[in-house]
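Topology and contacts: notes
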Amino acid sequence: MHVLVIGASKGTGRALVDELVTRGHRVRGMIRDPEQATDLAEAGAEPVHGDLEGDLDGVFEGVDAVAFCAGSGSATGADATLRVDLHGAVRSFDACLEHGVRRYVLLSSNRAEDPLAGPEEMRHYLAAMHARERLLWASGLDATVVRPGRLTYDAPTGRIRVGVPQIPDRGEIPRADVAAVLASCLERDDLVGAVFGVLAGEEPIEDALASLT
Ligand SMILES: NC(=O)c1ccc[n+]([C@@H]2O[C@H](COP(=O)([O-])OP(=O)(O)OC[C@H]3O[C@@H](n4cnc5c(N)ncnc54)[C@H](OP(=O)(O)O)[C@@H]3O)[C@@H](O)[C@H]2O)c1
């Protein structure tokens, strides 16, 4: 499969690049800073320049699937959440429709189901997560929505816990395990239409994903 990873420079998206390359997929990684191209090329991916707040020309052409792992991060304000996390995601939905890309996997957040139940300082972010999920379903793309808890840089365990549509408890999960979950979602047609929460757990990833279908 030829997969475009949005947010490929670092964090979960960068881990997903490695995971997909290891699994034998062809990977295109979207980056904003040209200096990040060498790292992606050395990882076995094809770097492509794109900005969710700017030019996306040539980014979506010819891929089979898109994984959206980008985000403005907690160091920026609510305005960046709207421009990048919400509107940037919607722009990517539109670009998929325009270029005939059907498969889409969205990295969301575990408390996106009910933003007003989240802590006050996170409600704008959870509202953006919630709204973009709704817009993704409305787009008609063949989508899967993955809602992880707090992301860590701990070593992957290959074991998770899932819950539909989310897990009520707070918890965390290594980014590399989320990357493996996202890669498996891309490979599984039976998870089109699925939305689930994921935390570190005891069940092997493939068993946990199979339990969702
Ligand atoms: N952190 C958590 O605990 C947590 C928990 C649940 C869900 N999530 C979700 O998971 C996502 C990924 O988190 P992460 O910590 O793994 O990622 P991250 O390290 O924060 O990386 C974010 C990525 O988004 C890219 N990006 C930012 N603005 C962009 C723009 N305008 N155009 C294109 N790319 C842009 C960044 O590229 P640059 O290198 O160019 O900045 C980077 O590749 C978050 O955004 C959030 O939605 C996070």
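Turning our attention to the nonpolar core. With 35 residues, the main nonpolar core has L16, V181 and F196 as its most contacted residues. Each residue touching L16, except ones within four places of it in the same chain, is listed here: V5, A67, C69, A179, L182 and A183. Counting 25 residues, the second largest nonpolar core, distinct from the first, contains L4, F68, A70 and L106.

Let's shift gears to the pairing of strand β2 (residues 26–31). Across the six residues that make up β2, a large majority, five, are buried. Judged from the five bridges that link them, strand β1 (residues 2–6) and β2 form a sheet pairing that is parallel. In the strand pairing of β2, I6 is matched with M30. The β-α-β motif built from β1, the intervening helix α1 (residues 11–22) and the parallel element β2 has right-handed crossover chirality. Where β2 and strand β3 (residues 46–49) come together, four bridges link them in parallel fashion. When the sheet's bridge partners are listed, M30 is paired in β3 with V48. Between the parallel pair β2 and β3, the chain is carried across by helix α2 (residues 37–42), and the sense of this crossover is right-handed.

So, about the packing of aromatic side chains. By convention here, two paired aromatic rings are described through the distance between centres and the angle between planes. Overall, the coordinates contain one aromatic pair when judged by the stated rule. The ring of Y153 is capped by R175, whose NZ or CZ atom sits 4.1 Å from the centre of that ring.

So, about the site of the ligand. As a structural note, the neighbourhood of the ligand is formed by 26 residues, with S9, K10, T12, R32 and R175 the closest of them. D51 places a side-chain nitrogen or oxygen 2.9 Å from a nitrogen atom of the ligand. Between Y125 and the ligand, the recorded distance is 3.2 Å, taken from a side-chain N or O atom to an oxygen atom. Look at the ligand: alone it shows 910 Å² of surface, and the protein chains cover 85% of it. Of all the secondary-structure elements, those providing two or more residues to the shell around the ligand are α1, α4 (123–139) and β7 (150–152). For the shell around the ligand, the residue count by class is eleven nonpolar, nine polar and six charged.

Once that is clear, we can look at the pattern of salt bridges. Pairing is possible between side chains of opposite charge, provided their charged atoms come close. Summed over the entire model, instances satisfying the criterion amount to 14 salt bridges. Note that R83 is salt-bridged to E53, the shortest N-O span being 2.4 Å. With R83 in helix α3 (residues 78–99) and E53 in the loop between β3 and β4 (65–68), the pair connects residues that are 30 residues apart, well separated along the chain. Judged by its relative accessible area of 41%, E53 is partly exposed. Residue D142 pairs with R102 through a salt bridge whose shortest N-O separation is 3.4 Å. On the criterion of sequence distance, the pair formed by D142 in strand β6 (residues 142–148) and R102 in the loop between α3 and β5 (103–107) is long-range, its members being 40 residues apart. Within this structure, R14, D18 and D39 form a network of salt bridges that share partners.

About the cut-offs
- Residues numbered from 1 in each chain as written.
- Predicted model: local features only at pLDDT ≥ 70, side-chain atom pairs only at ≥ 80, totals over all residues.
- Heavy atoms only, no water.
- Core = buried A, V, L, I, M, F, W, Y, C linked by side-chain atoms within 4.5 Å.
- Buried < 20%, exposed > 50% of the residue type's maximum accessible area, 1.4 Å probe, protein only.
- Contact = heavy atoms within 4.5 Å.
- Helix = DSSP H or I, 4+ residues; strand = E, 2+ residues; numbered from the N terminus.
- Pairing = 2+ DSSP bridges.
- Right-handed = clockwise from strand over helix to strand, strands pointing away.
- Phe/Tyr/Trp six-rings, centres within 6.5 Å; stacked < 30°, edge-to-face > 60°.
- Lys NZ or Arg CZ within 6 Å of the ring centre and 35° of its normal.
- Near = heavy atom within 4 Å.
- Polar contact = N/O pair within 3.5 Å; in protein donor to acceptor, adjacent residues only side chain to side chain.
- Areas by Shrake-Rupley, 256 points an atom, 1.4 Å probe, with all protein chains shown as cover.
- Nonpolar A, V, L, I, M, F, W, Y, C, P; charged D, E, K, R; others polar.
- Salt bridge = Lys/Arg side-chain N within 4 Å of Asp/Glu carboxyl O.

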